Amino acid sequence: MKSKITVVAPSSTANLGPGFDVFGLAVNAFYDEITLTKKKTGGVNIVTGDEIPTEPDKNTAGLVVKNMIKKFKTKDGIEINIKKNVPAGFGMGSSAASAAASAVAFDKLYRLNLDGNSLVEFAGVGEKASAGTIHYDNVAASVLGGFVIVKTNPLDVIKIDPPTNLRMCIAVPKLKVPKKKTKVSRGVIPRKINFADSVTNLSNAAAIVAGFMGNDPVLIGKSVKDVIVEPARKHMIPGFLKVKENALKAGALGVAISGAGPSIIAFSKSSDNLKKISKAMTKGFESAKTECQIVICKPSVGASIKK
Ligand code: HSE
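Given the structure is predicted, the values throughout are model-derived calculations rather than measurements.

Caption draft 1: The nonpolar core, seen in detail. Membership of the largest hydrophobic core comes to 41 residues, with the highest contact counts inside it found for L36, V65, I78, I80, F106 and V120. By residue number, the principal contributor to this core is helix α2 (residues 94-109), which donates 9 residues. Apart from the residues within four sequence positions on either side, V120 is in contact with Y136, V139, A140, V143, L144, L155 and V157. Counting residues in each nonpolar core, the second largest holds 27 residues, with L16, V86, I265 and V295 among its members.

Okay, here's the thing in structure tokens:
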């Protein structure tokens, strides 16, 4: 048996507009890297050069590994080495990438051969560290890659291979985000929703699935419309409406908040208008005196052993 393994897992964008907590898409913008090393002495020890909590109970990867040690009754101690590349707190599935890489690494290290749903379930435990609650959209995308639909009770993740010509332009604003940003941005979601709004979101969500199944970036883009969560969260992103309007004017097929924000994601087909869209989004943020980093990306495969 191996004593050490390194797994990389991609960033992801959740919700894609109307699919709150249900849709996720792995994107090749950034990858977190987790190395697990078996140790003779028990317990979990975290080593990292990044500014993240190193207490296992407060760390995404730590929570995942501790839970898997308990579940599979393994006797070794484990050192977790974390290299974070996915920016934390910007709606790109940062905690999910570390959680996904940890679950997949543990599975490979102990040759557990867990199925996709089990890996997603184990990775989901890590989301508790940052979001306060477990939700599976980002971890499912990061574990499995591609586009995912998270069906709950019982957990059943459906994966669809995205169109190969789907492209995204993500504008990541340079903002100070609150420490528990996801928890904060989940706090503003309406407790009750209007029936007509739920029908609108459902129709758009169904069309997004049809777009992924039919390899149709245009249908995906024009269905990325959310009349429930976006209106409740947009005030948390300076310049949101201008960034969205600018991107659409520049030819984006659709625009949404990436996950819980504050990044904004625009969808496109092939390289159509990507440069124009990038500039337009940058200008939109500038109108709110906010700088942003532009990341042009495409769908990614899921977590895998580092080659
Ligand atoms: N679906 C989640 C949310 C994704 O929007 O709160 C963020 O982790």
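Let's pick the thread back up.
Caption draft 2: Region of interest: the sheet that holds strand β9 (residues 264-269). A sheet is described by the order of its strands in space; here 4 strands give the open sequence β8-β9-β7-β10, paired in antiparallel fashion. Each edge of the sheet is formed by a strand with only one pairing partner; in this case those strands are β8 (254-257) and β10 (292-297). This sheet shows a mean twist of 20° between the axes of neighbouring strands, independent of strand direction. Note: strand β7 (residues 166-173) against β9, 6 bridges, orientation antiparallel. Bridge pairing links I170 to I265 in β9. Here helix α10 (residues 274-286) sits on the sheet and contacts β7, β9 and β10; the angle it forms with β7, its principal contact strand, is near 20°.

Caption draft 3: Fine view of the layout of surface pockets. A volume near 320 Å³ is recorded for the second largest pocket. Taken together, 14 residues line the second largest pocket, and the ones lying closest to its centre are P18, G19, F20, V22 and N201. The dominant element in the lining of the second largest pocket, judged by the number of residues it contributes, is helix α6 (residues 195-213), at 4 residues. Grouping the amino acids of the lining of the second largest pocket by side-chain chemistry returns 11 nonpolar, 3 polar and no charged.

Caption draft 4: Geometry of the site of the ligand. The full set of residues close to the ligand is A14, N15, F20, D21, H135, D137, N138, T182, R186, R233, G259 and A260. Contact distances for the ligand include 3.3 Å between an oxygen atom and a side-chain N or O atom of N138. Note that an oxygen atom of the ligand is positioned 2.8 Å from one of the side-chain N or O atoms of R186. Across the shell around the ligand, the residue classes tally to 3 nonpolar, 5 polar and 4 charged.

Caption draft 5: Seen up close, helix α9 (residues 240-249). For α9, the full list of buried residues reads F240, V243, N246 and A247. What you see down the axis of α9 is that its buried residues fit within an arc of 140°, all on one side. The outward face of α9, more than 90 degrees from its buried face, is lined by the exposed residues L241 and K249. Looking at the packing, one finds that the buried side of α9 touches α8 (229-233), β8, β9 and α10. Positive backbone phi, at 110°, marks G251, one or two positions downstream of α9.

Caption draft 6: Focus on the pairing of β9. Of all 6 residues in β9, 5 are buried, a share of seventy percent or more. Pairing between β8 and β9: 4 bridges, direction antiparallel. Paired with I257 across the bridge in β9 is I264. What sits between β8 and β9 in their antiparallel hairpin is a turn of 6 residues, with G259 showing a positive phi close to 55°.

Caption draft 7: Seen up close, the pattern of salt bridges. Applying the stated criterion across every chain yields a total of 12 salt bridges. Measuring nitrogen to oxygen at the nearest pair gives 3.8 Å for the salt bridge that ties K58 to E55. Among the residues examined, K58 registers a relative accessible area of 51% and is labelled exposed. The class for E55 is partly exposed, based on a relative accessible area of 45%. Between D57 and K66 there is a salt bridge, with the nearest N and O atoms lying 3.0 Å from each other. Owing to a relative accessible area of 48%, D57 belongs among the partly exposed residues under this scheme. K66 gets classed as partly exposed once you look at its relative accessible area, which sits at 36%. The structure contains a network of salt bridges with shared partners spanning E33, K83 and K306.

Caption draft 8: Just the domain arrangement of the chain, in detail. Assigned domains within the chain: domain 1 (4-161 + 301-305) and domain 2 (166-297). Each of domain 1 and domain 2 was reduced to a C-alpha centroid, and the two centroids are 24 Å apart. In total, about 2400 Å² of surface goes out of reach between domain 1 and domain 2, with carbon and sulfur atoms giving 68% of it. Counting the surface domain 1 buries against domain 2, the share from its top three residues, P18, F20 and F90, is 24%. Inspection of the region where domain 1 meets domain 2 yields 1 salt bridge. The residue R186 makes a salt bridge to D21 at a minimum N-O spacing of 2.7 Å. At the boundary of domain 1 with domain 2, the tally comes to 7 residue pairs in polar contact (both at pLDDT 80 or more). Listed by contribution, the elements that provide at least two residues to the side of domain 1 that touches domain 2 are β1 (4-14), β2 (23-39), α3 (116-131) and β5 (147-151).

Cut-off values and rules
Residues numbered from 1 in each chain as written. Predicted model: local features only at pLDDT ≥ 70, side-chain atom pairs only at ≥ 80, totals over all residues. Heavy atoms only, no water. Core = buried A, V, L, I, M, F, W, Y, C linked by side-chain atoms within 4.5 Å. Buried < 20%, exposed > 50% of the residue type's maximum accessible area, 1.4 Å probe, protein only. Helix = DSSP H or I, 4+ residues; strand = E, 2+ residues; numbered from the N terminus. Contact = heavy atoms within 4.5 Å. Pairing = 2+ DSSP bridges. Axes fitted to C-alpha atoms, helices over the stretch in contact; angles between N-to-C directions. 1 Å grid on protein atoms, 1.4 Å probe; cavity = no way out; pocket = protein on both sides within 12 Å on 5 of 7 lines; lining within 4 Å. Points joined across faces, edges and corners; volume = space filled by probe spheres on them. Nonpolar A, V, L, I, M, F, W, Y, C, P; charged D, E, K, R; others polar. Near = heavy atom within 4 Å. Polar contact = N/O pair within 3.5 Å; in protein donor to acceptor, adjacent residues only side chain to side chain. Arc of directions from axis to C-beta. Salt bridge = Lys/Arg side-chain N within 4 Å of Asp/Glu carboxyl O. Domains from an automatic or database assignment. Buried area = accessible area lost by both parts, 1.4 Å probe.

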